[in-house]
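Residues per chain are reported as follows:
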Amino acid sequence: MSADPIGVFDSGIGGLTVVRAIKELLPAESVVYFGDTARVPYGSKSPQTVVRFSLENAAFLQTKHVKLLVVACNTASSVSMPALGERFDIPFTGVIEPGVRAAAGLTKNGVVGVIGTLGTIGSGAYQKALKRYEAISRVVAQPSPLLVPLVEEGWLDHRITRAVVEEYTAPLVREGIDTLVLGCTHYPLIKKVLMDVVGESVTLVDSAEATASEVSSMLESKGLSSDSDRGESSYYVSDIPLKFQEIAQRFLGRSVPLVTQVEVGE
Ligand code: DGL
């Protein structure tokens, strides 16, 4: 048993969808969140830069004595896992493997789609991980960079978001996918539009929920679960941007009680 917190980092505010899923599944766990709001977005940056930022973010969370590290950002998860493994002794997980495992268990026809940032899809990490499963015969990947700003703008059920989703998912639907992995922190917020557009025959995989289940099994298998009645949460960011509370509330499902600004890296 361990009452130490779980550390979660993301490029910005989007990773709060992962915190929300963890808190829903594991209310006894405490969470320390770090959002790199001063350097967001990661989705359009080079892999080298994203790896450097990820190492700095993890080093910050290590100072908070976290028992497990969760890389909530899909872009960071797609390029930083080997470097994190080399540098840190803390058990850690990204969001890719849990989402991929869920997709492999759900697909019936073996044709799986994935959408994410330019960096995530460009890295090929999802494609490679999905193809490792026998149940998956074909992967159709589509970068969808316009969706992050639309979600941050709060256009969750908006005709423009719908049009953008139609444009991005048309090739996936044409290829006959029956499962679609939401490979970005922001996409769980537009599940309704995505579901309407791709149709009922396509199952959506929410990486945030899949990651929360992974965290639960990791804690259990390592004997690190918390036995407290209710976990606490603390939130750190590298900048408090305009409209922070409004956007954060959208992702977390409630307001962020107290947020502390810190500097990470050099
Ligand atoms: N958190 C990022 C992801 O899941 C999206 C935002 C960004 O580009 O930094 O890929």
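So, here's what we can say about the structure.

Here's the deal with the pattern of salt bridges
Under the defined criterion, the tally for this structure stands at 14 salt bridges. Between R39 and E56 there is a salt bridge, with the nearest N and O atoms lying 2.8 Å from each other. Here R39 is found in the loop between β2 (31-35) and α2 (47-62), whereas its partner E56 is found in helix α2, with 17 residues between them in sequence. The two residues R39 and E56 agree in class, both being buried. D157 is the partner of R162 in a salt bridge, and the nearest nitrogen-oxygen pair spans 3.2 Å. Judged by relative accessible area, R162 falls into the partly exposed class, the value being 24%. Several salt bridges share partner residues, and in doing so they unite D157, R162, K192 and D196 into one network.

Observations concerning the site of the ligand
Neighbouring the ligand are 13 residues; D10, S11, Y42, G43 and T75 lie closest to it. At a separation of 2.7 Å, an oxygen atom of the ligand approaches a polar side-chain atom of S11. Within the side chain of T185, a nitrogen or oxygen atom sits 3.0 Å from a nitrogen atom of the ligand. Isolated, the ligand exposes 300 Å² of accessible area, and the fraction of that covered by the protein chains is 98%.

Section: the packing of aromatic side chains
Counted by the stated rule, this structure contains four aromatic pairs. When the ring of Y33 is compared with that of Y235, the centres are 6.3 Å apart and the planes differ by 55°; the resulting orientation is tilted. You can see Y33 sitting in strand β2 and its partner Y235 sitting in strand β9 (residues 233-237), a full 202 residues away along the chain. The class of Y33 is buried, set by a relative accessible area of 2%.

Observations regarding the sheet that holds strand β3 (residues 68-71)
Pairing is parallel across the open sheet formed by six strands, whose spatial order is β4-β3-β1-β2-β9-β10. The sheet terminates laterally at β4 (92-93) and β10 (259-261), the two strands that pair on one side only. When strand β1 (residues 6-10) meets β3, the two strands line up parallel, connected through four bridges. By the bridge assignment, I6 is partnered in β3 with L68. Each of β1, β2, β3 and β9 is contacted by helix α1 (residues 16-25), which is oriented at about 170° to β2, the strand it contacts most.

Thresholds, definitions, all that
- Residues numbered from 1 in each chain as written.
- Predicted model: local features only at pLDDT ≥ 70, side-chain atom pairs only at ≥ 80, totals over all residues.
- Heavy atoms only, no water.
- Salt bridge = Lys/Arg side-chain N within 4 Å of Asp/Glu carboxyl O.
- Helix = DSSP H or I, 4+ residues; strand = E, 2+ residues; numbered from the N terminus.
- Buried < 20%, exposed > 50% of the residue type's maximum accessible area, 1.4 Å probe, protein only.
- Near = heavy atom within 4 Å.
- Polar contact = N/O pair within 3.5 Å; in protein donor to acceptor, adjacent residues only side chain to side chain.
- Areas by Shrake-Rupley, 256 points an atom, 1.4 Å probe, with all protein chains shown as cover.
- Phe/Tyr/Trp six-rings, centres within 6.5 Å; stacked < 30°, edge-to-face > 60°.
- Pairing = 2+ DSSP bridges.
- Contact = heavy atoms within 4.5 Å.
- Axes fitted to C-alpha atoms, helices over the stretch in contact; angles between N-to-C directions.

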